[in-house]
Amino acid sequence: MTQISGEKLISFMQEQAAHITFLTGAGVSTPSGIPDYRSLTGVYHGLEEPEYLLSATCLKYEPEKFYAFVKHLYHPDAKPNIIHEKIAEYCRQGSALVTQNIDGLHQRAVTPQMVAFHGNLSDVYCQKCQAAVPVADYLTSDVHANCGGRLRPNIILYEEGLPLQRIIVAEKMVAQAQLLVVVGTSLKVYPFAGLLDAKKLDSQVVVINREAPSRPLAADVLEYYGSAEEIFKEL
Ligand SMILES: [Zn+2]
């Protein structure tokens, strides 16, 4: 692994503006005031793991518990920050984005060519009648007023598989890129982390993060340690 200077990284991204695929995670949303949900469990449900509270089993057998937890993931006042905005601009020029974030901030920055790999909390539907329901209704009650069915957000829960089509589109986005920019994720979550395996042999990978990723990265990956906001401000 080789470190890259901020200056070099910025010129790299500017040169490849139309040929980047961004891979983003929770670190992109923390400047918007959205905490990583893993940090919430201690506060609200000392004994339960987020892996259970956000599982298909919990939703099915203890829907009240699921709802009580998932409500804390909504931050209606959070706004897209400079990272979301610059990525949206790049995607309007031909770049692409695969995000593992479910907070909907990339969508609110109006980002074309994007895949919300794990879904979007803002898409809520009724499990009984399949109708789409406004988020505001869901935050009031998880019971569908029209039919009495349980509502849920359209996110991938633990124990649920990803739609194959979504994986294929995301892999295509990775495969078409000349430059892959990984921001705000330590690449711990599979299959998201495995997307990099789809890259072209001659494309460059740059990781922007505050800390070193837990999974050892390939030797030809460039790393920038520091604030992603500072980098995106300069683009
Ligand atoms: Zn319904």
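Since this is a predicted model, take the numbers as computed values, not measurements.

**Q** Quick question: what am I supposed to make of helix α6 (residues 82-92) here?
**A** Note: α-helices contain 3.6 residues per turn, so residues at a spacing of three or four share the same orientation. I83, H84, K86, I87, A88, Y90 and C91 are the residues of α6 that are buried. Considering only its buried residues, α6 is in contact with α1 (6-15), β2 (20-24), β3 (96-99), α7 (105-108) and α10 (228-233). Sitting at the head of α6, N81 places a side-chain oxygen 2.8 Å from the backbone nitrogen of I83. Positive phi appears at G94, one or two residues downstream of α6, with a value of about 120°.

**Q** Could you clarify how one ought to interpret the sheet that holds strand β5 (residues 119-126) in this entry?
**A** Sheet strands pair by backbone hydrogen bonding; their relative direction is either parallel or antiparallel. Strands sit in the order β6-β5-β7 across an open sheet of 3 strands; the sheet is antiparallel. Every interior strand has two partners, whereas the edge strands, β6 (132-133) and β7 (151-155), have only one. Direction of pairing for β5 relative to β6: antiparallel, over a ladder of 2 bridges. Each residue of the ladder has a partner; that of V124, found in β6, is V133.

**Q** Can you walk me through the coordination of the zinc ion in this structure?
**A** In ideal tetrahedral geometry, four donors around a metal make angles of 109.5 degrees, whereas ideal octahedral geometry with six donors gives angles of 90 or 180 degrees. Taken together, the protein donors to the zinc ion comprise C126 (SG), C129 (SG), H144 (ND1) and C147 (SG), at separations of 2.0 to 2.4 Å. For the zinc ion, the 4 donor atoms in the first shell make angles of 102 to 120° at the metal, a pattern classed as tetrahedral. All donors of the zinc ion belong to a single chain; written as a sequence motif, their spacing is C-x2-C-x14-H-x2-C. Here H144 lies in the loop between α8 (135-140) and β7 and C129 lies in the loop between β5 and β6, a separation of 15 residues in the sequence.

**Q** Would you explain the pattern of salt bridges in this entry?
**A** Side chains that differ in sign of charge can pair as their charged atoms come close. This structure, assessed with the given rule, holds 5 salt bridges. The salt bridge involving R150 is made with D142; its shortest N-O contact spans 2.7 Å. Under the relative-accessibility criterion, D142 is labelled buried at 10%. Among the ionic contacts, a cluster of salt bridges with common partners joins E64, D142 and R150.

Cut-off values and rules
- Residues numbered from 1 in each chain as written.
- Predicted model: local features only at pLDDT ≥ 70, side-chain atom pairs only at ≥ 80, totals over all residues.
- Heavy atoms only, no water.
- Buried < 20%, exposed > 50% of the residue type's maximum accessible area, 1.4 Å probe, protein only.
- Helix = DSSP H or I, 4+ residues; strand = E, 2+ residues; numbered from the N terminus.
- Contact = heavy atoms within 4.5 Å.
- Polar contact = N/O pair within 3.5 Å; in protein donor to acceptor, adjacent residues only side chain to side chain.
- Pairing = 2+ DSSP bridges.
- Donors = N, O, S within 2.8 Å, 3.2 Å for Na, K, Ca; no water.
- Tetrahedral: all angles 85-135°; square planar, octahedral: opposite > 155°, others 65-115°.
- Salt bridge = Lys/Arg side-chain N within 4 Å of Asp/Glu carboxyl O.

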